[in-house]
2 protein chains.
Amino acid sequence: MQNIRVAVDAVVFGYKDHQLNVLLIKRKVAPFQGSWALPGGLVLENESLEAAVERELKEETNVTIDYLEQLYSFGKPDRDPRNRVVSVAYFALVKPSHHKIKADTDAQDVAWFPINELPELAFDHHLILDKAKTRLRNKLTYEPIGFDLLSNKFLFSDLEKLYMTILEKKIDRRNFRKKIMSFEILEELDEKVSEGRGRPANLFKFNKKQYFKLQKEGFLFDIK
Amino acid sequence: MQNIRVAVDAVVFGYKDHQLNVLLIKRKVAPFQGSWALPGGLVLENESLEAAVERELKEETNVTIDYLEQLYSFGKPDRDPRNRVVSVAYFALVKPSHHKIKADTDAQDVAWFPINELPELAFDHHLILDKAKTRLRNKLTYEPIGFDLLSNKFLFSDLEKLYMTILEKKIDRRNFRKKIMSFEILEELDEKVSEGRGRPANLFKFNKKQYFKLQKEGFLFDIK
């Protein structure tokens, strides 16, 4: 008789303090008690995988997400010291300012971590996160995902930083701006904010209506 | 206590008789006894998901595949009438002429089916197949997957038909040929064969060495 459990884990990315962040919880129970981990847990008998990951996220972090995309399933026989567990990982992109995080149930803490300053993670969660980063990088080339991560109004420099973080390389700022603006899906607003010691810069807004219109017409968002 | 089983299923595509085909088995046991289904079965306690799908394929169809790519996990609570089963689906592209298929264990038959002439499938296997077709369609735009499916030597018309089947639309034959040939990864051979009532046409061969060389140099295969 097969003795394998099925779990779900969630990789939730957000852009915060001018950096790409990921949502982690601090485990309350063994194994890996006190370690940081991706939110997640065992699937209940009668719930779908999607319902399970939404429930676990809500329970452990207070974050409500309607749509999580399935990422990959992780099933190495020894990935959990207690019992064999196959985890179906999901991922989502959110605007951190729209969610009030709060630890609960088997999480003793919850926090956003900049992707470049991660603590050691429980289980094989660093593998799950790596897979999510690769997916994010691929999506970046054919979907304007930056706009799911940034606040409704943002500085152009934040969009640049986001792309550089995800692509893990410098970008040619002039060409990037030219290319993004040529899609005509960004609106430059009259509002200005100053960031650091630089002079005030204009805020931008994503024109979703225009994007969906272009998409219907066969427009391909394409940054490489 | 959670009572969910973990299974794997395999979607194996091949190009045969000038059509895209998928490998199916006829079930020997209930449920869906006598129905056609994707090869697959429960994961053993100590084997990885990849080892499980390779084993099931070998056992049920006699096909040996070293590399299967994970496709998606299917976990609706009622997808199996016996017990809740989460299936991790994999997919692979093969050259049918390189494999001798033979039914075994819980399969009473095994056969290649043209993708446009499928029988009714057991469980939610039509959903798994749909997902695989979508993945195949996406891959087609950034990888020369046709060459994994076709025989080593093939007619240009087979490459065309393959693209039309997967993309589910007519293609402009002249532009398609021009574009494919511009990549310089196809070699036109001196050998000719006649197909149907047409005059003999030249055979082609994929120049893998050249493709890998170009790929290293940052070449992007791109058909849209």
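Note that the structure is a prediction, hence the values are computed from the model and not measured. (Residues numbered from 1 in each chain as written. Chains lettered and ligands numbered in written order. Predicted model: local features only at pLDDT ≥ 70, side-chain atom pairs only at ≥ 80, totals over all residues. Heavy atoms only, no water.)

Caption draft 1: Main features of the interface of chain B and chain A. Listed by partner, the interface residues are 27 residues for chain B and 27 residues for chain A. For the pair chain B and chain A, the two sides together bury roughly 2,200 Å², of which 48% comes from carbon and sulfur. The three residues of chain B that bury the most area against chain A are Q2, E45 and Q70 of chain B, which together make up 27% of that side's buried surface. Across the contact surface, chain B and chain A share 0 salt bridges. Where chain B meets chain A, there are 15 residue pairs in polar contact (both at pLDDT 80 or more). The biggest single contributor to the side of chain B that touches chain A is strand β5 (residues 69–74) of chain B, with 4 residues. (Contact = heavy atoms within 4.5 Å. Buried area = accessible area lost by both parts, 1.4 Å probe. Salt bridge = Lys/Arg side-chain N within 4 Å of Asp/Glu carboxyl O. Polar contact = N/O pair within 3.5 Å; in protein donor to acceptor, adjacent residues only side chain to side chain. Helix = DSSP H or I, 4+ residues; strand = E, 2+ residues; numbered from the N terminus.)

Caption draft 2: Representation of the pattern of salt bridges in the model. Residues and elements named next belong to chain A. In this structure the tally under the stated criterion is 28 salt bridges over all chains. R173 serves as the salt-bridge partner of E160, at 2.9 Å between the closest nitrogen and oxygen. Residue E160 is found in helix α4 (residues 156–167), and its partner R173 is found in helix α5 (residues 173–182); the two are separated by 13 residues along the sequence. Residue E160 is classed as buried on the basis of its relative accessible area of 5%. (Buried < 20%, exposed > 50% of the residue type's maximum accessible area, 1.4 Å probe, protein only.)

Caption draft 3: A look at unusual backbone geometry. In this structure, the amide linkage connecting A30 of chain A to the following residue, P31 of chain A, adopts the cis form with an omega of -10 degrees. Mapped onto the secondary structure, P31 of chain A falls in the loop between β2 (19–27) and β3 (36–37). Phi is positive for H18 of chain B, which is not a glycine, with a value near 60 degrees. Mapped onto the secondary structure, H18 of chain B falls in the loop between β1 (5–16) and β2 (19–27).

Caption draft 4: Representation of the pairing of strand β7 (residues 107–114) of chain A within the structure. Residue and element names in this part refer to chain A. Of all 8 residues that make up β7, 6 are buried, and the element is covered over most of its length. Relative to β7, β2 runs antiparallel, the two sharing 7 bridges. Bridging from a neighbouring strand, V22 pairs with F113 of β7. (Pairing = 2+ DSSP bridges.)

Caption draft 5: Spotlight on the domain arrangement of chain A. All names here are of chain A. Per the domain assignment, the segments of chain A are domain 1 (5–124) and domain 2 (146–216). Summarising the inter-unit geometry, the C-alpha centres of domain 1 and domain 2 are found 28 Å apart. Listed per partner, the contact involves 13 residues of domain 1 and 12 residues of domain 2. Run the count over domain 1 and domain 2 and you get 0 salt bridges. Those elements that provide at least two residues to the side of domain 1 that touches domain 2 are β1 (4–16) and β6 (84–94). With 3 residues, the single largest contributor to the side of domain 1 that touches domain 2 is β1. Class assignment of the residues belonging to the side of domain 1 that touches domain 2 gives a composition of 7 nonpolar, 5 polar and 1 charged. (Domains from an automatic or database assignment. Nonpolar A, V, L, I, M, F, W, Y, C, P; charged D, E, K, R; others polar.)

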